[in-house]
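Chain residues, written in single-letter form:
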Amino acid sequence: QVQLVESGGGLVQAGGSLRLSCAASGSSFHISAMGWYRQAPGKERELIARISSSDTTNYADYAASVKGRFTISRNNAENILYLQMNNVKPEDTAVYYCNAELRPSIEEYLEAWGQGTLVTVSS
């Protein structure tokens, strides 16, 4: 099992920047990919950024709505996932969740979720 704890959310003005962090603990060596999701009130949770690896190479993918503004990164040594949010917009307001994809074995696939951190963008 792995535990994920998000931090860094808060109130920020439109056009400003914010960095979210996600600390992973437990059996984090089984993590094959991590991502950031967000959910606004009354809307479904959506994937906004994901980072996976193949050997020593990391691959990052972004939703069109955040591409060019947000950057996902991972500190593998300390098992911390980051989301650098630049030029934020009011529509970025949501609860942001950290996600981890786990492969304890080739036959088993699991997912872990953090409790979320609220980001509010004022105009």
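For the structure itself, look to the data block above.
Residues numbered from 1 in each chain as written. Predicted model: local features only at pLDDT ≥ 70, side-chain atom pairs only at ≥ 80, totals over all residues. Heavy atoms only, no water.

K.L.:
Any chance you could break down the pairing of strand S8 (residues 80-85) for me, citing the residues and the numbers?
P.N.:
The side chains of a regular strand alternate between the sheet's two faces. With five of six residues buried, S8 lies mostly within the body of the structure. For strand S3 (residues 18-26) and S8, the ladder comprises six bridges, and the chain directions are antiparallel. Residue pairing across strands places leucine 20 opposite leucine 83, the latter belonging to S8. Note: strand S7 (residues 70-75) against S8, six bridges, orientation antiparallel. Bridging across to S8, serine 73 finds its partner in tyrosine 82. (Buried < 20%, exposed > 50% of the residue type's maximum accessible area, 1.4 Å probe, protein only. Helix = DSSP H or I, 4+ residues; strand = E, 2+ residues; numbered from the N terminus. Pairing = 2+ DSSP bridges.)

K.L.:
Tell me about the environment of alanine 100, and name the residues and values.
P.N.:
By secondary structure assignment, the location of alanine 100 is in strand S9 (residues 94-105). Considered as a pair, alanine 100 and methionine 85 are 15 residues apart in the sequence and their alpha carbons are 20 Å apart. Residue contacts for alanine 100: discarding those within four places in its chain leaves Leu4, Ile31, Ala33, Met34, Leu110, Glu111 and Ala112. (Contact = heavy atoms within 4.5 Å.)

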